[in-house]
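Summary of the model geometry
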Amino acid sequence: MIALPEIETIRRDLDRELSGLRIKSVEVFETGHAKRSGGAKKLAARLEKMKITNVRRRGLYLIMGLDSEDVVVAHLGSGGQLRRHANRDSIEPNTAVAITFTKSGQLRLVDGTGDATLFLANAEKLIEEVPELGGLGIDPLEQPVPWRMFGEILLAQDAKLKAVLTDDRVVVGLGEMYSDEILFAAGLRFDRLPNSLGPQEVRRLHRAMVETLHDAAKHRGATLEDGFYVDVHGKPGGYEEYLNVFKQAGKGGRPCPRCHRPIQKYRFRRRWTYYCEQCQI
C-alpha cells in the first residue's frame, strides 16, 4: 500500500541524492517496462549522458527532470520500489530497470507486483503524453488548501465520505489506510454524506487530513505486513506504530485509543473499512 506520504518520502530522498548526477548507462531487465518509451534501446539512448536536474511529484507519480527535452516518469503501483544501490550489489529478483550514474551508484526499479512503470515523456507535452496526470484533485502535501475551499470541493460531491476521500479526482493518493485514519481523527463515519456535515465538521476533517498526512510523511510513511513499501535505501517507514484504527479490528488488534472499545470493520466498496462505532458519528 503506497500512498501520498510514502511517495513524498521517496521524492524527497531522490531529489536530495540524484539531483546533479549524470547517467552513465541504463539496463532494462523486464522489456515490458520500456514499451512506453519505444523499447529498451531507445530508453537507454535517450537517458545515457543526461543529468538529473530535480525530482518532483504530481500525485503519486514521480517526475525526474533531465537536462534535455525529456523527463522520467515513474509510478510504483501497488508494490514497486525505487532503490539506491552500489554498482557491485547483486541484482535482486523482480528488478526491472537499473540506471547507473557516472558516480554514486545506481537507481533500480524493483517491481514485485508487476504494476509499476518507468518511462520517458516530453517535458513540454507532459499532460498530453501522460493523461493520467490530468484531472487530479488537491494535494495536501504539495500545496496548502484553505478549509473553506476544501469544504466547497467536498460539498460538491454526492458520494459517501470514504468514497470521496479515496477518489484521486478529489484528493490525491489517500488510499484506504489514510482515509480511515483521517476519518477517525475527525470523528466522522465513513458513510456520512458531505452535505450532512456542518462547518465545524468540515474544519475537523480538513485539519485531520492535513495533520495525518504531514505526520505520516514525518515518520517516512507506513510499512505494513506486506512489506512492499521501503524507502530508497530499503528501510521501512515508521508511521504504522501510530495507526489508530486501520486493521485494528478483531483478535490481536488494539482497541480504540479514545473509548477503548473494539474497532469495527465493514465491507465498503469491496474493501474493508475500519472505524470506531462509538467515536465516529
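Here the structure is a predicted model, which means the values were calculated and not measured.

Between helix α6 (residues 175–186) and helix α7 (residues 199–218), the shortest axis-to-axis distance is 8 Å and the interhelical angle comes to 130°. Between α6 and α7, the angle falls in the class oblique. At the point where α6 passes α7, the crossing takes the right-handed sense. Seen from α6, the contacting residues are Y178, E181, I182, L183, A185 and A186; seen from α7, they are R204, L205, A208, M209, T212, L213 and A216. Within the contact of α6 with α7, the residues separate by chemical class into ten nonpolar, one polar and two charged.

A regular strand carries its side chains on alternate faces of the sheet. Among the six residues that make up strand β3 (residues 61–66), six are buried, leaving the element largely enclosed by the rest of the structure. With burial as the criterion, each face of β3 is covered, one bearing Y61, I63 and G65 and the other bearing L62, M64 and L66. The pairing of strand β2 (residues 52–58) with β3 spans six bridges and is classified as antiparallel. Pairing of I52 across the sheet is with L66, part of β3. Linkage of β2 to β3, two consecutive antiparallel strands, is achieved through a turn of two residues, within which G59 is found at a positive phi near 60°. Bridge analysis of β3 against strand β4 (residues 70–75) gives four bridges, and the strand direction is antiparallel. When the bridges of β4 are listed, G65 appears paired with V71. Between β3 and the antiparallel strand that follows it, β4, lie three residues.

Let us now look at helix α1 (residues 4–18). Note: α-helices contain 3.6 residues per turn, so residues at a spacing of three or four share the same orientation. Over its 15 residues, α1 extends 20 Å from the first C-alpha to the last, a length consistent with the 21 Å expected when each residue adds 1.5 Å. Counting buried positions along α1 yields eleven of 15 residues, so the element is predominantly enclosed. Buried within α1 we find L4, P5, E6, I7, E8, T9, I10, R11, D13, L14 and L18. Of the residues flanking the end of α1, it is G20, one or two places downstream, whose phi is positive at about 95°.

Let us look at the sheet that holds strand β8 (residues 117–122). Each strand in a sheet pairs with its neighbour through backbone hydrogen bonds, running either in the same direction (parallel) or in the opposite one (antiparallel). Across the sheet, which stays open at both edges, the four strands sit in the order β2-β3-β4-β8 with antiparallel pairing between neighbours. In this open sheet, the two strands that pair with only one neighbour each are β2 and β8. The average angle at which neighbouring strand axes cross in this sheet is 25°, direction not considered. Pairing of β4 with β8 involves six bridges; the strand directions are antiparallel. Within β8, the position partnered with D70 by the bridge is N122. In the packing of α1 onto the sheet, contacts are made with β2 and β3, and the angle to β2 comes to roughly 170°. Across the face of the sheet, helix α2 (residues 40–47) comes into contact with β3, β4 and β8 while running at roughly 60° to β8.

What counts, and where the lines are drawn
Residues numbered from 1 in each chain as written. Predicted model: local features only at pLDDT ≥ 70, side-chain atom pairs only at ≥ 80, totals over all residues. Heavy atoms only, no water. Axes fitted to C-alpha atoms, helices over the stretch in contact; angles between N-to-C directions. Helix = DSSP H or I, 4+ residues; strand = E, 2+ residues; numbered from the N terminus. Parallel < 35°, antiparallel > 145°, perpendicular 65-115°, else oblique. Left-handed = near helix turned anticlockwise from the far one by under 90°. Contact = heavy atoms within 4.5 Å. Nonpolar A, V, L, I, M, F, W, Y, C, P; charged D, E, K, R; others polar. Buried < 20%, exposed > 50% of the residue type's maximum accessible area, 1.4 Å probe, protein only. Pairing = 2+ DSSP bridges. Expected span 1.5 Å × (residues − 1).

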